[in-house]
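The residues making up each chain are set out below.
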Amino acid sequence: RAQEPAFGACETLGNSPNRDGAVTVGWLVGADGSVANVTLGQSTFTSELVNQCVLSVARQVTFPASASSAQVYWTVRLRGSETGPIAEAGRYRSH
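Since the model is a prediction, treat every value here as computed from it, not as a measurement.

Chemist: I would appreciate a short explanation of the packing of aromatic side chains in the present structure.
Modeler: To describe a pair of aromatic rings, one takes the distance between the centres and the angle between the planes. As enumerated under the stated definition, the model contains two aromatic pairs in all. Here the aromatic rings of Trp27 and Phe63 are separated by 5.2 Å at their centres, their planes lie at 75°, and the arrangement is edge-to-face. In this pair, Trp27 sits in strand 1 (residues 21-29) while Phe63 sits in the loop between helix 2 (48-58) and strand 3 (70-79), placing the two residues 36 residues apart along the sequence. As far as the burial class goes, Trp27 and Phe63 line up, both buried. On the numbers, 5.5 Å between centres and 40° between planes, the contact of Trp27 with Trp74 is tilted. On the criterion of sequence distance, the pair formed by Trp27 in strand 1 and Trp74 in strand 3 is long-range, its members being 47 residues apart. When its relative accessible area of 0% is taken as the criterion, Trp27 is described as buried. A relative accessible area of 9% places Trp74 in the buried class. The structure contains a cluster of three or more aromatic residues connected by ring pairs, namely Trp27, Phe63 and Trp74.

Pasting the structure below:
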């Protein structure tokens, strides 16, 4: 969740009046919390700038250490607000 503000900054790159949307990101998370094989899944954004920004931020994410590696998917919801862009994590799942 510490990266949510960085994801939120991606929302400002949208080129439509309604810049709210969601992007699913996938990671292979190592037992030490490091990430590899970062991928973008489904996105409601048509702007490649937004999608590439989310991917760039996702590559910087780290997770807590755990007993084993896991494939993790996370849907990042981006939305504008009167106080600025907001990013919310949701639909966390691991395999």
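Chemist: Just to check I follow, could you spell out the nonpolar core for this structure?
Modeler: The nonpolar side chains of a soluble globular protein tend to be buried, and buried together. Within the largest apolar cluster, 20 residues are counted, with the highest numbers of intra-cluster contacts made by Phe7, Val25, Trp27, Val54 and Leu78. Among the elements of the structure, helix 1 (4-11), strand 1, helix 2 and strand 3 are those that each provide at least two residues to this core. No other element matches helix 2, which puts six residues into this core.

Chemist: Please explain helix 2 as it appears in this structure.
Modeler: For an α-helix the count is 3.6 residues per turn, leaving residues at separations of three or four pointing the same way. Every buried residue of helix 2 is accounted for by Val50, Asn51, Cys53, Val54, Leu55, Val57 and Ala58. Taking the backbone nitrogen of Leu49 as reference, a side-chain oxygen 3.3 Å away marks Ser47 as the first, capping residue of helix 2.

Chemist: What's the story with the pairing of strand 1 in this structure? I'm lost.
Modeler: It is a general feature of regular strands that their side chains alternate between the two faces of the sheet. Among the nine residues in strand 1, eight count as buried, and that is most of the element. In the sheet, strand 1 pairs with strand 3 via nine bridges, with the strands oriented antiparallel. Among the inter-strand pairings, Val25 is bridged to a residue of strand 3, identified as Trp74. Here strand 1 pairs with strand 2 (residues 35-43) via five bridges, running antiparallel. Each residue of the ladder has a partner; that of Val29, found in strand 2, is Val35. Count of turn residues in the strand 1/strand 2 antiparallel hairpin: five residues, of which Gly33 carries a positive phi of about 95°.

Conventions adopted
- Residues numbered from 1 in each chain as written.
- Predicted model: local features only at pLDDT ≥ 70, side-chain atom pairs only at ≥ 80, totals over all residues.
- Heavy atoms only, no water.
- Phe/Tyr/Trp six-rings, centres within 6.5 Å; stacked < 30°, edge-to-face > 60°.
- Helix = DSSP H or I, 4+ residues; strand = E, 2+ residues; numbered from the N terminus.
- Buried < 20%, exposed > 50% of the residue type's maximum accessible area, 1.4 Å probe, protein only.
- Core = buried A, V, L, I, M, F, W, Y, C linked by side-chain atoms within 4.5 Å.
- Polar contact = N/O pair within 3.5 Å; in protein donor to acceptor, adjacent residues only side chain to side chain.
- Pairing = 2+ DSSP bridges.

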